[in-house]
Amino acid sequence: MLLLAFSCSTKSGRTDLATDTLIDTSYVDSASGGDPMAEMADSFGSSELPQQIDLPRLKSIRRDRSPERQPPIVGGETIPINLIPWQVLLEFDGDDICGGSIIADRWIITACHCVSSINDVNQLAIFAGLTNKRQDKLTAQKRQVVQIVRHDGYDRNNPNSAFDNDIALLKLDRALDFGEKVTPIRLATPADERAGITSPDKKVRVSGWGVTTENGTPSNPVRFVDIDVISNTIAASQYNRPLLVTPNMLAAGNPRGGQDACQGDSGGPLAANFNTNNPVLVGVVSYGEGCGRANYAGIYTRVSKYIEWIQQTTNIGIAGGSDRRTIARADQ
Ligand code: 4AZ
């Protein structure tokens, strides 16, 4: 296996995939034996990052080979997609790799680590309106990705930035048709944060098709779990390394363990106000120390920190209020 580069960044912040040469040639091959993310962790050396940190592994979601086992997001339940209609599935070369969220009719937000190794944009697609990924792909809305915009500041290979800025935007080939199963979610703003949208103990909902346990297999029906926001101070003390929980991140979980996002959920939504007509995207699933472990919160990219970057990149209107239609105005 050859790992040439891992940075998600380009000088401009916009990546034309035709010119993006980085690639991990085996990350989608679970039979290869190599673990590129673990190798990346190794490359930090023990003085930089704790070895036991469970780095996101894109390949793991490919383990879905058993029709009998349909384990969830850790500690969650199945849910019809119309109750989380902003949730999408990312597919690379026919394999389900990550989640994402609809923020406009032609734009998806996801985690940078989900797309950092992809150099052929033509192999990347998303499914919206999908509940069961084994059964519903033909009736879901499938769109090809035409552009990946990776955050400049994401560089897993750089111990000084580590997991920071784990965010990317995907531009779709054509607009999604919005309806009850396919709806954009409003992005959390700094004003929402000031109003307490991510205050500790606020309930937030994470969802996806990821695995139910560390080293488990992915779920066919989409699942969700409602968890508590955990303060950055507490999360930082859990991880005990400042760079692992920066102000650009948001922590959430169940302090007793058992409820969490896990591999395959990466890139997917963490939503506040999820049972109202004004759901708000506060986080993007990023990483964690294992899954559902007591006293290790899941770590999310804090969306409100990236509002200007998202606005400049996509040219979509960012709603300050509750009118979801205003975020549906995508550029072309
Ligand atoms: C992953 O590997 C991953 N428990 C995502 C989320 C969490 C851990 C791992 C949080 O994609």
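Rules behind the numbers
Residues numbered from 1 in each chain as written. Predicted model: local features only at pLDDT ≥ 70, side-chain atom pairs only at ≥ 80, totals over all residues. Core = buried A, V, L, I, M, F, W, Y, C linked by C-beta atoms within 7 Å. Buried ≥ 20, exposed ≤ 12 C-beta atoms within 10 Å, placed from the backbone. Helix = DSSP H or I, 4+ residues; strand = E, 2+ residues; numbered from the N terminus. Contact = placed C-beta atoms within 7 Å. Pairing = 2+ DSSP bridges. Axes fitted to C-alpha atoms, helices over the stretch in contact; angles between N-to-C directions. pLDDT = per-residue confidence, 0-100.

What to know about the nonpolar core
In step 1: The biggest cluster of nonpolar side chains holds 85 residues, and the ones touching the most others in it are Ile126, Ala252 and Val282.
In step 2: With 6 residues, strand S13 (residues 280-287) is the largest single contributor of residues to this core.
In step 3: Apart from the residues lying within four places of it in its own chain, the contact partners of isoleucine 126 are Val88, Leu89, Leu90, Gly100, Ile108, Arg143, Val145, Leu170 and Leu172.

Thoughts on the sheet that holds strand S4 (residues 107-110)
In step 1: What the 6 strands build is a closed barrel, ordered S2-S3-S4-S7-S6-S5; its pairing is antiparallel. Geometrically, the sheet is characterised by an average inter-axis angle of 40° between neighbouring strands, direction not taken into account.
In step 2: As judged from the 3 bridges shared by strand S3 (residues 95-104) and S4, these two strands associate in the antiparallel manner. Within S4, the residue paired with isoleucine 102 across the bridge is isoleucine 108.
In step 3: Across the sheet, helix H5 (residues 307-314) lies against S3, S4, strand S6 (141-150) and strand S7 (168-172), angled at about 25° from S7, the strand it touches most.

Description of the pairing of strand S11 (residues 249-253)
Put simply, side chains in a regular strand alternate between the two faces of the sheet.
In step 1: For S11, the buried fraction is high: 5 of the 5 residues fall into the buried class.
In step 2: Bridge count for strand S10 (residues 223-230) against S11 is 3 bridges, and the pairing is antiparallel. The residue bridging isoleucine 230 from the neighbouring strand is alanine 251, located in S11.
In step 3: Alignment of S11 against strand S14 (residues 298-302), held across 4 bridges, turns out to be antiparallel. Following the sheet pairing, methionine 249 is matched in S14 by threonine 301.

As for the confidence of the model for the protein
In step 1: Confidence in the prediction of the protein, expressed as mean pLDDT, is 79, and 74% of residues score 70 or more.
In step 2: In this model residues 1-7 is a low-confidence stretch, pLDDT under 50, and it forms 19 contacts with partners more than four residues away in sequence or in other chains.
In step 3: Residue range residues 320-332 is modelled with pLDDT below 50. Its contacts to residues more than four positions away, or to other chains, number 30 contacts.

Thoughts on unusual backbone geometry
In step 1: With phi around 60°, asparagine 165 is a residue other than glycine that occupies positive phi space.
In step 2: In this model, asparagine 315 sits at a positive phi of 65°, which is unusual for a non-glycine residue.
In step 3: Of the residues examined, asparagine 315 has 13 C-beta atoms within 10 Å and is grouped as partly exposed.

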